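Per-entry structural report
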Amino acid sequence: MNAWSNIKTITKRELGAYFTSPLAYIFIVIFLLLCGFFTFMVGGFFERGEASLGRPFFDWHPWFYLFLVPAVGMRLWAEERRVGTIELLLTMPITTWQAIVGKFLASWLFLGLALVLTFPIVITVNYLGSPDNGVIFSGYIGSWLMAGAYLAISCVTSAMTRNQVVSFIISVVICLFFILAGFPPIIRLLEGWAGTWLVDTIASFSVITHFDGFQKGVLDSRDVLFFLSLIGFSLFTTSVVLRGHRAG
Amino acid sequence: MIKVQNLVKIFGAKHAVDGLSFTVERGEVLGFLGPNGAGKSTTMRMITGFIPPSAGTITVGGFDVVGQAIPARRLIGYLPENAPAYTDMTVNGFLNFAAEIRGLRGDAKRRAVHRVVEMCFLEAVLHQSVETLSKGYRHRTCFAQSVIHDPDVLVLDEPTDGLDPNQKHEVRCLIRKMGEKKAIIFSTHILEEVDAVCSRAIIIDRGKIVANGTPEQLRQKSDWAGAVTLRVSGINGAALNQKLSQLAVVKRMTVLREDSTSVTVRVFPKSNVNGALAPNIADAAQGWRIEELHTEEGRLDEVFRSITMPDTAATANEEKK
């Protein structure tokens with residue numbers, strides 16, 4: 001109970017920090033513009049003539065997040081270390097875990113808010129036709145989970161350095177791996193020389209493979225578990241990195 | 001309240017802190033002195049639980065800071081070096097956050113914030129962003145954060161660093177007042193501060209305690225303790241030296257300044273003279289007139305130098321003389 005109220009206090013502070021800087025507004029505007037542009041202009045939403053958001057909308061999310069999520073997550077720990085407030089935060093009567101989870105939740109909720117703000121697209125597709133809103137809902141859940149996985153990776157890289165740019169670049173590279181491992185052109189390339197089992201193993205690490213189910217409206221517990229365990233593992237790594245710094 | 005035993009911290013091959021032991025009781029203000037890099041901040045970071053010790057134990061209020069970190073931290077208020085604060089918050093927001101994370105809610109939180117705002121004179125900047133504050137205000141904001149829960153133990157790393165003389169005075173008064181009811185450790189390299197605030201001082205160098213005592217006791221270690229500064233007229237330096245060296249209590253004498261009308265000298269006593277030097281000199285005044293005569297108390301900065309830099313202190317003293 002006490003732990004939860006500590007986490008809530010941290011989350012509240014972090015969320016407040018997003019909205020006092022222009023970062024939050026810039027992020028939301030860019031995210032919404034990208035969503036709109038790719039869905040209607042590149043994704044061929046109208047040309048398809050079908051009432052669904054799968055291909056034209058959700059397909060782009062892994063790529064949007066590749067750059068946008070590390071931009072949100074890069075300041076989480078790097079900024080604390082640069083300014084020195086980490087010394088305040090980690091000597092407060094809270095555990096390191098509560099601080100990590102509190103910070104992560106704040107950013108994740110923020111990403112969730114950005115995602116919710118794409119609702120006009122849902123309204124549009126409902127106005128034009130009669131889509132399966134269950135599929136759309138499961139797409140949103142999957143997209144949010146995927147954003148959380150990217151974010152947790154950004155937490156690790158942010159804890160590793162006091163330089164936000166370094167943190168950004170490293171987390172983009174790691175996230176790119178998690179996309180490419182399941183990106184069809186890469187898979188075809190691998191199939192040329194590797195055995196099926198190896199290709200499957202590599203592909204099973206990809207966010208694309210696991211996001212695919214959500215887009216089809218299938219809430220597979222294995223997919224949910226994949227994202228949650230990626231988040232859990234990354235946050236654990238964050239705590240190890242933070243402890244490593246303090247132990248000197 | 002604070003008990004440190006055989007504390008060691010090793011960074012790579014360097015012993016930053018090497019076997020420190022000391023205690024601080026309620027009602028004590030312990031001054032932590034030492035040159036830069038002596039291990040002051042490292043020790044404070046270990047007491048507050050920011051970094052774990054390589055060896056040794058620290059208990060605060062009976063709680064081990066590693067094994068029972070959370071209850072120990074509840075008792076501590078901490079002002080880190082350079083007084084960091086969240087730049088993206090207002091002063092009010094920052095203090096409310098500090099109060100909340102310390103478990104204060106509702107009315108108790110409001111009262112606590114109000115109390116520290118008054119205590120640290122922050123009304124004028126309450127709704128200003130921390131980023132835009134001057135260094136003095138930022139420092140006091142972080143200081144306010146450290147006392148918001150009225151902690152029993154205060155750990156202050158250079159609490160007056162970067163403040164103007166008025167602010168320094170205010171902070172010192174504040175520390176002295178709070179020291180009556182709390183156990184306080186603060187680090188500084190301003191020696192006048194030790195006199196103004198501390199009930200006890202520890203000098204550390206290269207991770208080890210090299211002196212421990214009240215400011216008076218430390219001053220006694222000075223060569224200057226009990227020395228007499230004397231200005232006379234009607235005699236020249238060489239003649240005065242001859243006369244004074246005949247006295248049984250005088251060890252040696254150095255001339256500080258000499259001009260046509262008067263000569264100023266410092267006379268050092270032999271050990272165990274215990275203040276008999278000045279009366280003896282006064283009695284010996286024949287054929288010359290004493291213009292000025294006073295006994296030195298011993299100087300902390302000289303003690304500090306001679307303890308932490310034994311090689312250079314001697315030459316520095318020669319220069320001064």
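Residues numbered from 1 in each chain as written. Chains lettered and ligands numbered in written order. Predicted model: local features only at pLDDT ≥ 70, side-chain atom pairs only at ≥ 80, totals over all residues.

Digging into the overall build of chain B
Counting its secondary structure elements, chain B contains 12 helices and 14 strands. Within the span of chain B, comprising 321 residues, buried residues form 41% of the whole. Relative to all contacts within chain B whose residues are 6 or more apart in sequence, the contacts with residues 24 or more apart total 67%. (Helix = DSSP H or I, 4+ residues; strand = E, 2+ residues; numbered from the N terminus. Buried ≥ 20, exposed ≤ 12 C-beta atoms within 10 Å, placed from the backbone. Contact = placed C-beta atoms within 7 Å.)

Remarks on the overall build of chain A
Counting its regular elements, chain A contains 14 helices and 0 strands. Ordered by position from the N terminus, the helices and strands of chain A form the series α-α-α-α-α-α-α-α-α-α-α-α-α-α. On C-alpha atoms alone, chain A measures out to a radius of gyration of 19 Å, which is about the 18 Å that the 2.2 N^0.38 rule sets for 248 residues. The burial tally for chain A puts 40% of its 248 residues in the buried class. Across chain A, the fraction of contacts at a sequence separation of at least 24, relative to all contacts at a separation of at least 6, is 80%. (Rg over C-alpha atoms; globule rule 2.2 N^0.38 Å.)

Describing the pairing of strand S7 (residues 153-157) of chain B
All names here are of chain B. Across the 5 residues of S7, 5 count as buried, placing the element largely inside the fold. Side chains of S7 alternate between two faces, with Val153, Val155 and Asp157 and Leu154 and Leu156 buried alike. Chirality of the crossover, the property in question, places the unit of S7, helix H6 (residues 165-178) and strand S8 (residues 183-187) among those that are right-handed. (Right-handed = clockwise from strand over helix to strand, strands pointing away.)

Some thoughts on the interface of chain B and chain A
Counting residues at the interface gives 23 residues for chain B, matched by 20 residues for chain A. Going through the elements one at a time, helix H2 (69-74) and helix H3 (91-101) of chain B are the ones with two or more residues in the side of chain B that touches chain A. If you tally residues by element for the side of chain B that touches chain A, the top one is H3 of chain B, at 4 residues. Considering only residue class, the side of chain B that touches chain A consists of 13 nonpolar, 5 polar and 5 charged. (Nonpolar A, V, L, I, M, F, W, Y, C, P; charged D, E, K, R; others polar.)

Notes on the domain arrangement of chain B
Under the domain assignment used here, chain B contains domain 1 (2-214) and domain 2 (228-296). Measuring from the centre of the C-alpha atoms in domain 1 of chain B to the corresponding centre in domain 2 of chain B gives 46 Å. (Domains from an automatic or database assignment.)

As for the sheet that holds strand S11 (residues 228-233) of chain B
All names here are of chain B. Strand order in the open sheet made by the 4 strands is S12-S13-S11-S14, with antiparallel pairing throughout. Edge positions in the sheet fall to strand S12 (250-258) and strand S14 (289-295), since each has one partner strand and no second. Strand-to-strand, the axes of this sheet are offset by a mean angle of 20°, without reference to chain direction. Relative to strand S13 (residues 262-269), S11 runs antiparallel, the two sharing 6 bridges. Following the sheet pairing, Val228 is matched in S13 by Val267. Helix H9 (residues 237-245) contacts S11, S12 and S13 of the sheet and is inclined by roughly 165° relative to S12. In this fold helix H10 (residues 277-284) packs onto S11, S13 and S14, with an angle of close to 175° to the strand it touches most, S14. (Pairing = 2+ DSSP bridges. Axes fitted to C-alpha atoms, helices over the stretch in contact; angles between N-to-C directions.)

Quick look at unusual backbone geometry
Residue and element names in this part refer to chain B. Despite not being glycine, Asn6 has its phi angle at roughly 50°, a positive value. Positive phi is not limited to glycine here, since Ala83 has a value of about 45°. Residue position: Ala83 is located in the loop between strand S6 (76-79) and H3.

Comments concerning the packing of helix H4 (residues 61-73) of chain A against helix H9 (residues 133-160) of chain A
All names here are of chain A. Relative to each other, H4 and H9 sit at 40°, their axes nearing to 9 Å. One way to sum up the angle between H4 and H9 is to call them oblique. Crossing of H4 against H9: the hand is right-handed. Only Ser143, Met146, Ala147, Tyr150, Leu151, Ser154, Cys155 and Ser158 of H9 make contact with H4, whose side of the interface consists of His61, Pro62, Tyr65, Val69, Pro70, Val72 and Gly73. By residue class, the composition of the contact of H4 with H9 is 10 nonpolar, 5 polar and no charged. (Parallel < 35°, antiparallel > 145°, perpendicular 65-115°, else oblique. Left-handed = near helix turned anticlockwise from the far one by under 90°.)

Considerations on H6 of chain B
All names here are of chain B. Helix length check: H6 (14 residues) gives 20 Å between terminal C-alpha atoms against 20 Å at 1.5 Å per residue, within 8%. When we look at burial in H6, the residues that qualify are Val171, Arg172 and Ile175. Taken down its axis, H6 places every buried residue within 100° of arc, on the same side. For H6, exposure combined with an orientation more than 90 degrees from the buried face picks out Asn166, Cys173 and Lys177. (Expected span 1.5 Å × (residues − 1). Arc of directions from axis to C-beta.)

Focus: the sheet that holds strand S2 (residues 14-24) of chain B
Residues and elements named next belong to chain B. Overall, antiparallel pairing links the 4 strands, which are arranged S2-S1-S4-S5 in an open sheet. The open sheet has two edge strands with one neighbour each: S2 and strand S5 (63-64). Note: strand S1 (residues 2-11) against S2, 8 bridges, orientation antiparallel. By the bridge assignment, Ile2 is partnered in S2 with Val24. Helix H1 (residues 40-47) contacts S1, S2 and strand S4 (55-60) of the sheet and is inclined by roughly 120° relative to S1.

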